[in-house]
Amino acid sequence: MEAVKEKIKSTADRSLQLSLLTLAPASWTLKQTSEHFGVSEYSAAQALELKKKSGILAKPEAKISSRRLSDDDKQRVIDFYISDEYSRQLPGMKSVKSVKQADGKRLKVQKRLLLLNIDELHERHLLMDKVVCSVYNKTCMLSGCPNCPGLNALESFLEELICDENENISYKQWTHTDGNKLETIVAASDDFIESLVSAIKKLTTHHFIARNQSAFFVQCKEKIDHESCVLVSDFSENYSFIIQDSVQGYYWANDQATILPFMAYMKRPDGSNFNVSIAIISDHLTHDTISVHAYLRPVLQHLMTLNPSLKSVQYFTDGSGAQYKNKKNFANLCAHFEDFKLQAEWHFFASCHGKSACDGIGGTVKRLARLASLQRSANNQITSPMQLFNWAKENLEIKCFFVTSEEVKANEAVINERMQNAIAVTGTRKFHSYVPVNSFQVNASILSGDDADFATFNVLPKPHEVFDFFSCNINDYIACIHPDDKYWYVTQIVGLDEGKREFNVNVLSPGGELGFIRGYKPTNNQKVIPLSHVIIKIQSLKPTTLRNRIFKLPKSEHDSISAKYTCQLANLE
Ligand SMILES: [Zn+2]
Ligand SMILES: [Zn+2]
């Protein structure tokens, strides 16, 4: 046996090693084999398998080793190391073991331990592998293709692994309900298999989405130009004010402050990147969609100040139903351009994958505030949200804004009707990408990016023809979308058709912004305009010359027409 040991040690040929390992006495446990020959228990188990299958000194089949080294496998190992998938979420198999540990069954127990322990995390990936053709195929991972082995295959695999069906299995599982605690569970083996199979089923979908969304986030950050930005946000836990009392020591005040951090990824006109850390501080302690909308205003205004050519925002957040993934937020998303003069889309990280740079911002604010408060004298401590803000704006590299609870409530009153009218998207939770189509519809997809598969949903009632036909008379000026070129023009009413609710107008030229710069000039072009194409009745068009040949619009009215036009045009299509 010593000679065999020497031979095993001296060779680098793995198949020869395995072959020699089959010489280990049948009475030895894998542990004994592994210790005696100085090899891993995994090797010992492989040798045992080999001996059972092909006898002593058998040569392992080539395909075993080639499979173990395939590029696909390597890719998977790399993939799992860069993913945090495997440290949470799943019933762990790390400590899978038989409760019965009678000596007679020792080998079987160890074999099982070995099989499930080789590389706990990689093994889990292999379990997903049992269910689908490929963990990189979208169809297989999201719903299963007709060729996918499916859950039954995994069930059989596990049943084979756990031979004794009456055995109890104890295993560890991350529980979300109890603060992500690792909990030990004892269950009958078939219950264990059932729960593991259903976890793997969920994991395949989750795993694919998580990887896709993270990759899309990286891609978006790379693709931003000086007209776009990526904005990540995630509520921090409320800050509790700590007070130092010379007599009693420290205590926590009852007051709290909301901290909503943002990280914006932006680009300068010269092409260089810059990031902006922002924190909203507020005495409004409800973290919901309505407060988020109020907090967005100063943030977006700040970004537009930093980059006046900014035109669009891509939001990335977790899928919190209270704050982001709900009908009210999608109704606001449809009104985003109207509210903030920026196009927007909203992308969600997979659940448990929203951790971002924002954690750092919130953590920094709180940690330094606590420190500063304790260093100050007893009558100068930070004990209110406003004091926290005043300290933060002077002392932090983070751009801070204070939004009062009154401001949040005032904003709520403004958007209340929209909030009340919001319509739920069927299956909201499964979608991770929401892109507004117009002022009342969104496109939603399970995945963001190239693999997006959009369906359209109404998130607000379709706007009626809000324009009041009878508010206009002949000679009034109205801004319209031209039925032919779909651009907007200033026009003068020359006739009305009450029955058809149509206007006969004279078109002024040029249209839109060019006319705003040069002035709008009457032409002889007449056009019939349906009510749906009327944008607004013009209030303050003024002639610029004595001969009344050219008319000018004030900037405010031009901008309001231009904003309404964008929404209305989208609604027409
Ligand atoms: Zn995950
Ligand atoms: Zn498949």
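Placed above this text is the structure.
So, here is what we can say about the structure in this document. As the structure is a computational prediction, the values presented were derived from the model and not from experiment.

Scoring rules and cut-offs
Residues numbered from 1 in each chain as written. Chains lettered and ligands numbered in written order. Predicted model: local features only at pLDDT ≥ 70, side-chain atom pairs only at ≥ 80, totals over all residues. Heavy atoms only, no water. Helix = DSSP H or I, 4+ residues; strand = E, 2+ residues; numbered from the N terminus. Contact = heavy atoms within 4.5 Å. Donors = N, O, S within 2.8 Å, 3.2 Å for Na, K, Ca; no water. Buried < 20%, exposed > 50% of the residue type's maximum accessible area, 1.4 Å probe, protein only. Salt bridge = Lys/Arg side-chain N within 4 Å of Asp/Glu carboxyl O. Disulfide = S-S within 2.5 Å. Core = buried A, V, L, I, M, F, W, Y, C linked by side-chain atoms within 4.5 Å. Pairing = 2+ DSSP bridges. Axes fitted to C-alpha atoms, helices over the stretch in contact; angles between N-to-C directions. Phe/Tyr/Trp six-rings, centres within 6.5 Å; stacked < 30°, edge-to-face > 60°. Lys NZ or Arg CZ within 6 Å of the ring centre and 35° of its normal.

**Re the side chain of Gln441**
- With respect to the helices and strands, the residue Gln441 is situated in strand E12 (residues 441–445).
- Those residues in contact with Gln441 that lie beyond four places of it in its chain are Cys334, Pro436, Thr456, Phe457, Asn458 and Val459.

**Observations regarding the coordination of the zinc ion (ligand 2)**
- Looking at the zinc ion (ligand 2), one finds its protein donor set to be Cys133 (SG), Cys140 (SG), Cys145 (SG) and Cys148 (SG), positioned 2.2 to 2.4 Å from the metal centre.
- Along the chain, the residues donating to the zinc ion (ligand 2) fall in the pattern C-x6-C-x4-C-x2-C.
- The class of Cys133 is partly exposed, set by a relative accessible area of 41%.

**Thoughts on helix H2 (residues 14–21)**
- Among the residues of H2, Gln17, Leu18, Ser19, Leu20 and Leu21 are the ones counted as buried.
- Where H2 is buried, its residues contact helix H1 (2–10), helix H3 (30–37) and helix H4 (41–54).

**Re the pattern of salt bridges**
- Under the counting rule described, the total for this entry stands at 6 salt bridges.
- Among the salt bridges present, the one from Glu35 reaches Lys31, with a minimum N-O distance of 3.2 Å. One end of the pair is Glu35 and the other is Lys31, both in helix H3 and 4 residues apart, which spans about a single turn.
- Between Asp484 and Lys527 there is a salt bridge, and its shortest N-O distance comes to 3.0 Å.

**With respect to the state of the cysteines**
- Evaluated as defined, the whole model comprises 0 disulfides.
- The cysteine Cys480 is free of any disulfide, with Cys472 supplying the nearest cysteine sulfur at 9.0 Å.
- Judged by relative accessible area, which is 1%, Cys480 ranks as buried.

**Examining the nonpolar core**
- Core analysis: the biggest nonpolar cluster contains 40 residues, and Leu231, Leu300, Leu303 and Tyr434 have the highest contact counts within it.
- Here this core gets 7 residues from one element, more than from any other, and that element is helix H12 (residues 289–306).
- Residues within four places of Leu231 in sequence aside, it is in contact with Phe262, Met263, Ala264, Val299, Leu300, Leu303, Val313, Gln314, Tyr315 and Phe316.
- Membership of the second largest hydrophobic core comes to 33 residues, among which are Phe217, Ala279, Ile281 and Val365.

**Overview of the pairing of strand E14 (residues 477–481)**
- In terms of burial, E14 is largely enclosed, as 5 of its 5 residues are buried.
- Of the strand pairs in this sheet, E14 and strand E15 (residues 488–497) are connected by 5 bridges, and their pairing is antiparallel. Residue pairing across strands places Cys480 opposite Tyr489, the latter belonging to E15.
- Connecting E14 to the antiparallel partner E15 that follows it, the hairpin turn spans 6 residues, and Lys486 within it adopts a positive phi of roughly 60°.
- The sheet contact formed by E14 and strand E18 (residues 534–537) spans 3 bridges and is antiparallel. The residue of E18 that forms the bridge with Ile478 is Lys537.

**Quick word on the sheet that holds strand E17 (residues 521–530)**
- Reading across from one edge, E17-E16-E15-E14-E18 is the order of the 5 strands in this open sheet, with antiparallel pairing throughout. Across the chains shown, the open sheet's two edge strands, defined by having one partner strand only, are E17 and E18. In this sheet, adjacent strand axes meet at a mean angle of 40° when their direction is disregarded.
- Packing against the sheet, helix H19 (residues 555–572) makes contact with E14, E15 and E18, and its axis sits at approximately 155° to E18.

**Side note on the packing of aromatic side chains**
- Scanning all chains against the criterion turns up 20 aromatic pairs.
- Seen from their ring centres, Phe217 and Tyr265 are 6.1 Å apart, and the 80° between their planes marks the pair as edge-to-face. Placement of the pair is Phe217 in helix H11 (residues 189–223) and Tyr265 in strand E6 (residues 249–267), with a sequence separation of 48 residues.
- You can call Phe217 buried: its relative accessible area is 11%.
- Its relative accessible area of 12% is what places Tyr265 among the buried residues.
- Judged by centre distance (4.2 Å) and plane angle (10°), the rings of Tyr315 and Trp346 are stacked. Of this pair, Tyr315 sits in strand E8 (residues 312–317) while Trp346 sits in strand E9 (residues 343–348), and the two are 31 residues apart along the sequence.
- Owing to a relative accessible area of 2%, Tyr315 belongs among the buried residues under this scheme.
- Among the aromatic residues, those joined into a ring-pair cluster are Phe216, Phe217, Tyr265, Phe316 and Phe349.
- Its guanidinium or amino end placed over the ring of Phe348, Lys325 lies 5.0 Å from that ring's centre, counting from NZ or CZ.

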